[in-house]
There are 2 protein chains.
Amino acid sequence: MENKEISQAVIARLPRYFRYLGELKDEGIERISSQELSDIMKVTASQIRQDFNNFGGFGQQGYGYKVEYLYEEIGRILGLDMTHNLIIIGAGNLGQALANYMNFERRGFLFRGIFDNNPALYGKRIREMEVRPMEEMESFVRENHIDIAVLTIPKTGARAVAERLVDNGIRGIWNFAHIDLNVPKEIQVENVHLSDSLMKLAYNINRFEQEGGI
Amino acid sequence: MENKEISQAVIARLPRYFRYLGELKDEGIERISSQELSDIMKVTASQIRQDFNNFGGFGQQGYGYKVEYLYEEIGRILGLDMTHNLIIIGAGNLGQALANYMNFERRGFLFRGIFDNNPALYGKRIREMEVRPMEEMESFVRENHIDIAVLTIPKTGARAVAERLVDNGIRGIWNFAHIDLNVPKEIQVENVHLSDSLMKLAYNINRFEQEGGI
């Protein structure tokens, strides 16, 4: 219940802490101070302490944090000790890339199926999974207790597909379609709008040039 | 010079405005008030006015904004009237997906080449471009005035590759490697940490469950 107060900004930073702590752990580092973590992560030590205080603090300041303990605690907070059944909607290049690319299984994300509305792709095997027709999506979601759908389809139709997923019990959508979805607020959506990201990069390059930066 | 004051938060919202205005334009809508825009974009009207004031306001409140004018102005601010030469480093699934996936050419992002260190891929054609060995990357960047590199390689080696790109004049990196890069601050970096995004989604799903949300 306490978690309710935690802002999305803090939550958005958790995976990054998790990533850095994983690297420290792999390097065999056992303890780290908030100042050292601050130096490598390029956020202020006070930000780190504030963020961690949302979850009870994780250990004594001054003496530093135990890397492995902190890594495991943040993993637990992120729910990486649980499993999620995941399907991909859209077996185009991006959908195939995500299916193949992810070693997400070890984070508890279990790839259960991939769907497309292009008959030419039906039956094609992608990471040992045959592409299924979209018509089978609803029953598949229900029968296989699918939690997460990854949307890698064009923006046309994305909202309608999201609605069908929601009606059949999906709990989260990882949305790569270039459109914001309209779903009930109990459905979690995480957008990856790739073209927005690339445009922001271009803007920053142009601005830097115009200011005579170099 | 005025642009200097504009925060990254405002900049991050520009592509989203651009996207919505493009849709309105396609629907033939000529004028829109900040309140109407607020309703469809689910941000406050005051936020919209504040954001637009960073760029001179774009028209009269009350009377509404001219959709096409606003769309073009924001496009111009984003630098979409300019072109950028772009290469992809890493011809794995994700690199190939990005090369094929993007109709970014019409936004001024020109796909110039794709590189990999796997000899099995050399010469393979991806969107009419042969995969080149990594050894050719530096000279290619210099000789073809490449502005943007898309990094779709594993985290091991990503920092070293980024350094080589920077040394040869790259201005921006669109980083899909699961690691934060250390580059001089005049080099623009836009990170797409896919696993961070998926973890955040899982966290929000889990939290909602624990709170007995449904």
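It should be emphasised that the depicted structure is a prediction, and the values quoted were computed from it without experimental measurement.

1. Things to note about the relation of the copies chain B and chain A
For the pair chain B and chain A, the best superposition has an RMSD of 0.0 Å and corresponds to a rotation of 180° with a translation of 0.0 Å parallel to the axis. Taken together, the turn and the small shift mark the pair as related by a two-fold rotation axis. For chain B, the smallest separation between a C-alpha atom and the rotation axis is recorded for A97 of chain B, amounting to 3.2 Å. A share of 100% of the interface residues of chain B reappears at the interface of chain A, consistent with the copies meeting face to face through the same patch.

2. Side note on the environment of G123 of chain A
Residue and element names in this part refer to chain A. Mapping G123 onto the fold places it in the loop between strand 4 (109-116) and strand 5 (125-126). Along the sequence, G123 and L198 sit 75 residues apart, while their C-alpha atoms lie 34 Å from each other. Setting aside residues no more than four positions away along its own chain, G123 makes contact with E130 and V131.

3. Side note on the sheet that holds strand 8 (residues 172-175) of chain A
Residue and element names in this part refer to chain A. Judged by pairing direction, the sheet is mixed, and its 7 strands sit side by side in the order 5-6-4-3-7-8-9 without closing on themselves. Pairing within the sheet leaves two strands with one partner each, and these edge strands are strand 5 and strand 9 (188-191). By the bridge criterion, 4 bridges tie strand 3 (residues 84-89) to strand 7 (residues 148-151) in an arrangement that is parallel. Across the sheet, I88 pairs through a bridge with V150, a residue of strand 7. The strands that helix 7 (residues 158-167) touches are strand 3, strand 7 and strand 8; relative to strand 7, the one it contacts most, it runs at about 170°.

4. Topic: the interface of chain B and chain A
If you look at the interface, chain B gives 68 residues, while chain A gives 68 residues. Summed over both partners, the interface of chain B with chain A comes to about 6600 Å²; 61% of that surface belongs to carbon and sulfur atoms. For chain B, the biggest contributors to the area lost against chain A are L198, M199 and Y203 of chain B; these three give 11% of the whole. In this assembly, chain B and chain A are joined by 10 salt bridges. Note that E23 of chain B and K155 of chain A form a salt bridge whose closest N and O atoms lie 4.0 Å from each other. Taken together, the connections running from chain B to chain A amount to 22 residue pairs in polar contact (both at pLDDT 80 or more). Secondary structure elements with two or more residues in the side of chain B that touches chain A: helix 1 (8-26), strand 3 (84-89), helix 5 (93-101), strand 8 (172-175), strand 9 (188-191) and helix 8 (194-210) of chain B. Here the side of chain B that touches chain A gets 17 residues from one element, more than from any other, and that element is helix 8 of chain B.

5. Notes on the confidence of the model for chain A
Per-residue confidence for chain A gives a mean pLDDT of 90; residues scoring 70 or more make up 94%. As a predicted assembly, this complex carries a pTM of 0.87 together with an ipTM value of 0.88.

6. Let's talk about the sheet that holds strand 9 of chain B
Reading across the sheet, the 7 strands line up as 5-6-4-3-7-8-9 (chain B) and stay open at both edges, with mixed pairing between neighbours. Edge positions in the sheet fall to strand 5 (125-126) and strand 9 of chain B, since each of these pairs with one other strand and no more. Against the sheet, helix 8 (residues 194-210) of chain A contacts strand 3, strand 4 (109-116), strand 7 (148-151), strand 8 and strand 9 of chain B, and its axis sits at roughly 170° relative to strand 9 of chain B.

7. Comments concerning the packing of aromatic side chains
For the coordinates displayed, the defined rule picks out 10 aromatic pairs over all chains. Relative to Y65 of chain B, the ring of F52 of chain B lies with its centre 5.2 Å away and its plane at 80°, an arrangement referred to as edge-to-face. One end of the pair, F52 of chain B, is in helix 3 (residues 45-53); the other, Y65 of chain B, is in strand 2 (residues 65-66), with 13 residues separating them in the sequence. A relative accessible area of 2% means that Y65 of chain B is categorised as buried. Here the aromatic residues Y17, F52 and Y65 of chain A are joined through ring pairs into a cluster of three or more.

8. Focus on the side chain of H193 of chain A
Following the sequence through the fold, H193 of chain A ends up in the loop between strand 9 and helix 8. Given a relative accessible area of 12%, H193 of chain A falls into the buried group. Engagement of the side chain of H193 of chain A in a polar contact is seen with the backbone oxygen of A177 of chain A, the distance being 3.3 Å. In contact with H193 of chain A, other than residues within four places in its own chain, are N175, A177, H178, I179 and D180 of chain A together with R19 of chain B.

9. A few points about the nonpolar core
Ranked by internal contacts, the top residues of the largest apolar core, which has 102 residues, are F52, I74 and W174 of chain A together with F52, I74 and W174 of chain B. I74 of chain B has contacts with L14, Y17, F18, L21, F52 and F58 of chain B, leaving out every residue within four places of it along the chain.

10. Let's talk about the pattern of salt bridges
A side chain of one charge can pair with a side chain of the opposite charge when the charged atoms of the two come close. If you walk through the whole model with that rule in mind, you get 20 salt bridges over all chains. Of the charged contacts, one joins R164 of chain A and E138 of chain A as a salt bridge, the two residues approaching to 2.8 Å between their closest N and O atoms. With a gap of 26 residues between them, R164 of chain A in helix 7 and E138 of chain A in helix 6 (residues 137-143) connect regions that are remote in the sequence. Note on R164 of chain A: relative accessible area 28%, which makes it partly exposed. Of the charged contacts, one joins E190 of chain B and K200 of chain A as a salt bridge, the two residues approaching to 3.3 Å between their closest N and O atoms. Highlighted residues: E190 of chain B in strand 9 and K200 of chain A in helix 8, drawn from two different chains. Using a relative accessible area of 15% as the deciding quantity, one classes K200 of chain A as buried.

Calculation rules
- Residues numbered from 1 in each chain as written.
- Chains lettered and ligands numbered in written order.
- Predicted model: local features only at pLDDT ≥ 70, side-chain atom pairs only at ≥ 80, totals over all residues.
- Heavy atoms only, no water.
- Least-squares fit on C-alpha atoms with pLDDT ≥ 70 in both.
- Contact = heavy atoms within 4.5 Å.
- Helix = DSSP H or I, 4+ residues; strand = E, 2+ residues; numbered from the N terminus.
- Pairing = 2+ DSSP bridges.
- Axes fitted to C-alpha atoms, helices over the stretch in contact; angles between N-to-C directions.
- Buried area = accessible area lost by both parts, 1.4 Å probe.
- Salt bridge = Lys/Arg side-chain N within 4 Å of Asp/Glu carboxyl O.
- Polar contact = N/O pair within 3.5 Å; in protein donor to acceptor, adjacent residues only side chain to side chain.
- pLDDT = per-residue confidence, 0-100.
- Phe/Tyr/Trp six-rings, centres within 6.5 Å; stacked < 30°, edge-to-face > 60°.
- Buried < 20%, exposed > 50% of the residue type's maximum accessible area, 1.4 Å probe, protein only.
- Core = buried A, V, L, I, M, F, W, Y, C linked by side-chain atoms within 4.5 Å.

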